[in-house]
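As a plain string of letters, each chain reads:
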Amino acid sequence: MTLLTIRGLHVKLGGRTVLDGVDLDLAPGEIVTIVGPNGSGKSTLLRAIIGALAPSSGRIDRKGGLRIGYVPQRLHIDPTLPMSVSRFLSLPRRVDPGTAEAALARAGAAGLGPRQMTDLSGGQFQRVLLARALIGTPELLILDEATQGLDQPGSAAFYRLIAALRAEIGCAVLMVSHELHVVMAASDRVICLNGHICCDGTPEVVAQAAEYRALFGTGTEGALALYRHDHDHRHDHDHPHRHEAAE
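Reference entry: report on the structure contained in this document. The shown structure was predicted, so the numbers you read here are calculated from the model rather than taken from an experiment.

Some details on the pairing of strand β5 (residues 68-71)
- Side chains G69 and V71 project from β5 onto a buried face, and the interleaved I68 and Y70 project onto a face without burial.
- Where β5 lies against strand β6 (residues 140-144), four bridges are found, and the strand directions are parallel. Residue pairing in the sheet places G69 in a bridge with L141 of β6.

This is the structure we're talking about:
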């Protein structure tokens, strides 16, 4: 059974092809991370999956009644607008206070309900966004660079929390991240995207794929060494596309 099946997804924005022939399957309970250079279509893919963006062609099949929780890359709240965390969690539909507090506790943000959103630290703000995504007990949790702006210890703690949530509620996780060294420790599968899927596999396989190295350079190898393991199979025959350089 799959939660999500994407076939031949094409997306054009402003006359430019952003995604070209993307195929993707997502199984229950797996953590999948999408990596790629700026402008590679990572956020566009997530927006198409949640239904915020209509594909130009191709299809996205979601499991019937699939519950999706979404944590955006960034969210601006006017600093002059008074809004408590509890009020924020009740937008656009009112949430029972007990449900809201349980979601905050699950996201590692217990007790923040009365606080003003504009008074939160970066880490607290991201955990509140995560709590909002958890309110419906999602089967699929989608995160778009949710640790942007956090320092390395904060990012590592956030990814540990995501792994714990996966274990606790059994949700699948699909996330975009630029933190390659953390991705390799946090993911079951890594997808390298640059308009199309260049390579897709376990972190150990993707780290050694020619397509991945062409995009990120061999210099990433040292950062990934801690998370890599020897293996005796090839990956490059699965996806013939290769990029010789990336800016």
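Considerations on unusual backbone geometry
- L91 connects to P92 through a cis peptide bond whose omega is 0°.
- Here P92 lies in the loop between α2 (85-89) and α3 (97-106).
- In this structure, E145 is a non-glycine residue whose phi angle is positive, near 45°.
- Judged by relative accessible area, which is 11%, E145 ranks as buried.

Describing the sheet that holds strand β9 (residues 197-201)
- Taken together, the six strands give an open sheet; going across it, the order is β5-β6-β7-β3-β8-β9, and neighbouring strands pair in mixed fashion. What marks the edges here is a single partner per strand, and that holds for β5 and β9. The sheet shows a mean angle of 15° between the axes of neighbouring strands, direction not considered.
- By the bridge criterion, four bridges tie strand β8 (residues 189-193) to β9 in an arrangement that is antiparallel. Paired with C192 across the bridge in β9 is C199.
- Across the sheet, helix α1 (residues 42-50) touches β3 (31-35), β5, β6, β7 (172-176) and β8, and the angle it forms with β6 is around 150°.

Comments concerning the packing of aromatic side chains
- A complete count under the given rule lists one aromatic pair for this structure.
- Ring centres 4.9 Å apart and planes at 45° place the aromatic pair Y212 and F216 in the tilted group. A residue pair is termed a helical-turn pair when its members lie 3 or 4 positions apart in one helix, as Y212 and F216 do in helix α8 (residues 210-216) at four residues.
- Y212 gets classed as buried once you look at its relative accessible area, which sits at 0%.
- Over the ring of F88 we find R132; its NZ or CZ atom is 5.0 Å from the centre of that ring.

Quick word on the pattern of salt bridges
- Here the structure, examined in full by the defined rule, presents eight salt bridges.
- Across the pair K63 and E139 runs a salt bridge whose closest N-O atoms are separated by 2.3 Å. Placement of K63 in the loop between β4 (57-62) and β5 and of E139 in the loop between α4 (122-134) and β6 is noted, with a sequence separation of 76 residues between them.
- For the salt bridge of R189 with D200, the shortest nitrogen-to-oxygen distance reads 2.9 Å. Separated by 11 residues along the polypeptide, R189 in strand β8 and D200 in strand β9 bring together distant segments of the chain. Taken as a pair, R189 and D200 share a single burial class, namely buried.
- Here the salt bridges do not stand alone but share partners, grouping E30, R189 and D200 into one network.

Cut-offs and rules
- Each chain carries its own residue numbering, running from 1 in the direction its sequence is written.
- Given that the model is predicted, a residue must reach a pLDDT of at least 70 before its local features are reported, and side-chain atom pairs must reach 80 or more before they are shown or counted; all residues, however, enter totals for whole chains, interfaces and linings.
- Side-chain numbers come from the whole structure's heavy atoms, not from hydrogens or water.
- For each residue, the accessible area found with a 1.4 Å probe, counting protein chains only, is set against the maximum for its type, and the residue is called buried under 20%, exposed over 50%, and partly exposed in between.
- Runs of H or I in DSSP of at least four residues are treated as helices and runs of E of at least two as strands, each being numbered from the N terminus.
- Note on pairing: two strands pair once DSSP finds at least 2 bridges between them.
- Simply put, an axis is a line fit to the C-alpha atoms, just over the touching stretch for a helix, and the angle between two N-to-C directions goes from 0 to 180 degrees.
- Any two residues having at least one pair of non-hydrogen atoms within 4.5 Å are treated as being in contact.
- Each Phe, Tyr or Trp ring (for Trp, its six-membered ring) is paired with any other whose centre lies within 6.5 Å, and the angle between the two planes then decides the class: stacked below 30 degrees, edge-to-face above 60, tilted in between.
- By the criterion adopted, a ring carries a charge over it if an Arg CZ or a Lys NZ lies within 6 Å of its centre and within 35 degrees of its normal.
- Think of a salt bridge as a Lys or Arg side-chain nitrogen and an Asp or Glu carboxyl oxygen that are within 4 Å of each other.

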